[in-house]
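Inside the fold
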Amino acid sequence: FRADGRMPPAEFFEKPQFNNWIELYIRGTTQKTVEDYTEEISDNGFPCGVYMMDGGYMPHQGCYSFVDTDFPDPKRMFAKIRDKGWKSLVWTAHFVSPDSREYKRLRYHKKTAALDLLCHQKKGTGAAVVRWWSGISAVYDLTNPKGRDYYVNELETFLSKYGIDGLKFDAGDQHLFAPGVDVRFYRPEQTGVDYIEEYGRVAAQFPYNEIRSCYK
């Protein structure tokens, strides 16, 4: 994107950023392990500007809440991070588990099904599914303005509900939508490159963001 004069928040430059993926991949991501890790950072005298909580907290892809048994009070968890003077980011990606309540709502509920919020298969009206490192998922159609707006609203509601400052936008790889993949976008002439560009536009709407892969 062309420079527009805006600067990212100062916290990204003035202090270190911590991401808990490597630390908690073995321990497992729960409220206790997140709080233990943030205390370890503080107790060892490390400055922190931004704390990123990576994946593993969702009941399934596209469900913007926390596994109840692992996160009994996530709002309190993020309040404790905020009390340290840190900004918090959490993981997101543009996927929806095809056997979830969210998928059924997006595909079959009268109000949402008519909006074509998910990418389609190349032939017919079935929702496309793509393979990625966590399995097989349907995909929000970010090339459809209504799909993009719906996804952004889901994210904004999630952040507001739990007191989170921003998002780590994962995936976004063009090879997910390579020519041989059975996926069709809002306009038939659009390609995976167009999709990834729109993913970047979504991320840019959130001042506190990290985006793994982007075009332009």
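Because the structure is predicted, anything quoted here is derived from the model rather than measured.

A look at the side chain of histidine 120
Examined against the element boundaries, histidine 120 turns out to sit in the loop between helix H6 (110-113) and strand S5 (129-132). Polar side-chain contacts of histidine 120 include one of 3.2 Å to the side chain of aspartate 116. Among the polar contacts listed, one links the side chain of histidine 120 to the backbone oxygen of threonine 125, at a separation of 3.0 Å. Setting aside chain neighbours within four positions, we find histidine 120 in contact with Arg107, Thr125, Gly126, Ala127, Ala128, Asp182, Val183 and Arg184.

Observations regarding the sheet that holds strand S2 (residues 50-53)
The strand order across the open sheet formed by 5 strands is S1-S2-S3-S7-S8, and the pairing between neighbours is parallel. Each having just a single partner strand, strand S1 (17-19) and strand S8 (209-211) make up the two edges of the open sheet. Between one strand axis and the next, the sheet turns through 20 degrees on average, direction left out of account. Direction of pairing for S1 relative to S2: parallel, over a ladder of 3 bridges. Within the sheet, the bridge partner assigned to asparagine 19 lies in S2 and is methionine 52.

Side note on empty space enclosed by the protein
Counting across every chain of the model gives 1 cavity of 30 Å³ or more. By volume, the largest cavity amounts to about 30 Å³. Surrounding the largest cavity, Glu35, Thr38, Glu39, Met77, Lys80, Ile81 and Lys84 form its lining. Elements represented by at least two residues in the lining of the largest cavity include exactly helix H3 (31-43) and helix H4 (74-83). When grouped by side-chain class, the residues that make up the lining of the largest cavity number 2 nonpolar, 1 polar and 4 charged.

Rules used throughout
- Residues numbered from 1 in each chain as written.
- Predicted model: local features only at pLDDT ≥ 70, side-chain atom pairs only at ≥ 80, totals over all residues.
- Heavy atoms only, no water.
- Helix = DSSP H or I, 4+ residues; strand = E, 2+ residues; numbered from the N terminus.
- Polar contact = N/O pair within 3.5 Å; in protein donor to acceptor, adjacent residues only side chain to side chain.
- Contact = heavy atoms within 4.5 Å.
- Pairing = 2+ DSSP bridges.
- Axes fitted to C-alpha atoms, helices over the stretch in contact; angles between N-to-C directions.
- 1 Å grid on protein atoms, 1.4 Å probe; cavity = no way out; pocket = protein on both sides within 12 Å on 5 of 7 lines; lining within 4 Å.
- Points joined across faces, edges and corners; volume = space filled by probe spheres on them.
- Nonpolar A, V, L, I, M, F, W, Y, C, P; charged D, E, K, R; others polar.

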